[in-house]
Amino acid sequence: MSNGPVVTQVSHYLPYQSGALHVRQLMPANADYQKTPILMLHGVMSNGRVFYSDSGKGLACYLAQAGYIVYVLDTLGRGLSTPKLAGGERHGQGEVIREQLPLVQHFILSKHQHKLANHPLKQAPSKVHWCAHSWGGVLMTSAIARFEFIQSSVASLLTLGTKRTIKVKSLRKWLMVDVTWNRVAPLIAKRHGYLAADRWRLGMDNETRASLRQSIEWVRGDWIDFDDGFDYAQAAKQVAQRGGWPKTWFIAGRGDRVLGHPDDVSRMVQECQFGDVKQTLLSKRDGYKHDYGHAEMLTHKDAVNDHFVGIKQWYQNCG
């Protein structure tokens, strides 16, 4: 890591359903609670650790060293959120969109307001930067499309390797998605009562059967809520028509050949009809150190001196 202020990490547990959502807060020394904070969301079969580590590695740590207060969410059942998945859970990705993200958004804004309550000359931020990896970007985009409160309180949306559909065709895609994700993963989930991705070395964390089923259907079908039929695709068009999308940056990796293929990332940008949108391809041909893969764009040792620098500049320019 580059030299910078000492970063303090604190865990918050927000009561939710029968347990609690874990939110990791990373703060530089003399944290400025007036500065717009950043919320990060992991993807499928993952958790917040993809963004930070106790040793100071990761995008969240890097941005905290740059002076930002960063919050990283573990969705229900993942990471340090409680309880851990044990089988039989019925919640899916809908609860993340409709309940968990709004809950955390309120928590962050309220926390900053509380911190500055005794400082009348200081103004708490009214917005939060949103940042996501992979499927987390689909869930964040869905929440923005659905709720006017979220539209008005999200300062920017930055995603890495995010796509809603997978339309690229290759042998690797067939093996990873059509066979492993669409066929093998549901069998594992049926056996255990949830997708034991860590046990079967499919990912760093687990998924409920509902979340697995819903993500499979969204990747190959319509963008509609499974619980109440809300049409996110139509809502996204309406948000675009009234200029409601925040400033947006979609980052793809040239070496990401399936899970966030650059063509599929572009298809999502087109589907949502973002207004102020930037697209970047992390490739050697475009001046980056590597043709980054899906996880590598966050975990590669060279990222900190490569595209992480541009991400820091993005937030500095956003305000």
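Residues numbered from 1 in each chain as written. Predicted model: local features only at pLDDT ≥ 70, side-chain atom pairs only at ≥ 80, totals over all residues. Heavy atoms only, no water.

## Quick notes on helix α8 (residues 262-272)
Part 1 of the reasoning: Every buried residue of α8 is accounted for by P262, D264, V265, M268, V269 and C272. In an axial view of α8, the angular spread of the buried residues amounts to 165 degrees, which keeps them on one side of the axis.
Part 2 of the reasoning: Among the structural elements, α3 (135-146), α7 (232-241), β7 (247-253) and β8 (277-282) are those in contact with the buried residues of α8.
Part 3 of the reasoning: Looking one or two residues past α8, Q273 carries a phi angle of roughly 60 degrees, positive in sign. (Buried < 20%, exposed > 50% of the residue type's maximum accessible area, 1.4 Å probe, protein only. Helix = DSSP H or I, 4+ residues; strand = E, 2+ residues; numbered from the N terminus. Arc of directions from axis to C-beta. Contact = heavy atoms within 4.5 Å.)

## Re empty space enclosed by the protein
Part 1 of the reasoning: Tallied over the full model, the rule gives two cavities of 30 Å³ or more.
Part 2 of the reasoning: Around the largest cavity, the lining is made up of 13 residues, and of these T75, R78, L139, E207 and S211 lie nearest the centre.
Part 3 of the reasoning: Elements represented by at least two residues in the lining of the largest cavity include exactly α2 (93-115) and α3.
Part 4 of the reasoning: For the lining of the largest cavity, the class distribution of residues is five nonpolar, six polar and two charged.
Part 5 of the reasoning: Roughly 40 Å³ of volume is contained in the second largest cavity.
Part 6 of the reasoning: Lining of the second largest cavity is provided by Q93, G94, I97, Q214, W218, I224, D225, F226 and D227.
Part 7 of the reasoning: Of all the elements in the fold, those that place two or more residues in the lining of the second largest cavity are α2 and α6 (209-220).
Part 8 of the reasoning: Of the residues forming the lining of the second largest cavity, the biggest block, three residues, is contributed by α2.
Part 9 of the reasoning: Of the residues assigned to the lining of the second largest cavity, the class counts are four nonpolar, three polar and two charged. (1 Å grid on protein atoms, 1.4 Å probe; cavity = no way out; pocket = protein on both sides within 12 Å on 5 of 7 lines; lining within 4 Å. Points joined across faces, edges and corners; volume = space filled by probe spheres on them. Nonpolar A, V, L, I, M, F, W, Y, C, P; charged D, E, K, R; others polar.)

## Here's the deal with the nonpolar core
Grouped burial of nonpolar side chains is what soluble globular proteins tend to show.
Part 1 of the reasoning: Core analysis: the largest hydrophobic core is formed by 53 residues, its most contacted members being L39, L101 and W130.
Part 2 of the reasoning: Those residues in contact with L101 that lie beyond four places of it in its chain are L39, L41, L73, V96, W130, L139, M140 and A143.
Part 3 of the reasoning: Among the nonpolar cores identified, the runner-up in size contains 30 residues, and V50, Y292, A303 and W314 belong to it. (Core = buried A, V, L, I, M, F, W, Y, C linked by side-chain atoms within 4.5 Å.)

## A look at the sheet that holds strand β6 (residues 154-160)
Part 1 of the reasoning: Here we have eight strands laid out as an open sheet, ordered β1-β2-β4-β3-β5-β6-β7-β8, and mixed in their pairing. Pairing within the sheet leaves two strands with one partner each, and these edge strands are β1 (7-16) and β8. Within this sheet the neighbouring strands show an average axis-to-axis angle of 20 degrees, counted without direction.
Part 2 of the reasoning: Summarising the sheet, β6 and β7 pair through five bridges and their orientation is parallel. In the strand pairing of β7, T159 is matched with F250.
Part 3 of the reasoning: Of the strands in this sheet, β1, β2 (19-28), β3 (38-41), β4 (70-74), β5 (128-133) and β6 touch α2, which is tilted by about 125 degrees from β1.
Part 4 of the reasoning: With respect to the sheet, α3 is in contact with β3, β5 and β6, its orientation differing from that of β5 by roughly 140 degrees. (Pairing = 2+ DSSP bridges. Axes fitted to C-alpha atoms, helices over the stretch in contact; angles between N-to-C directions.)

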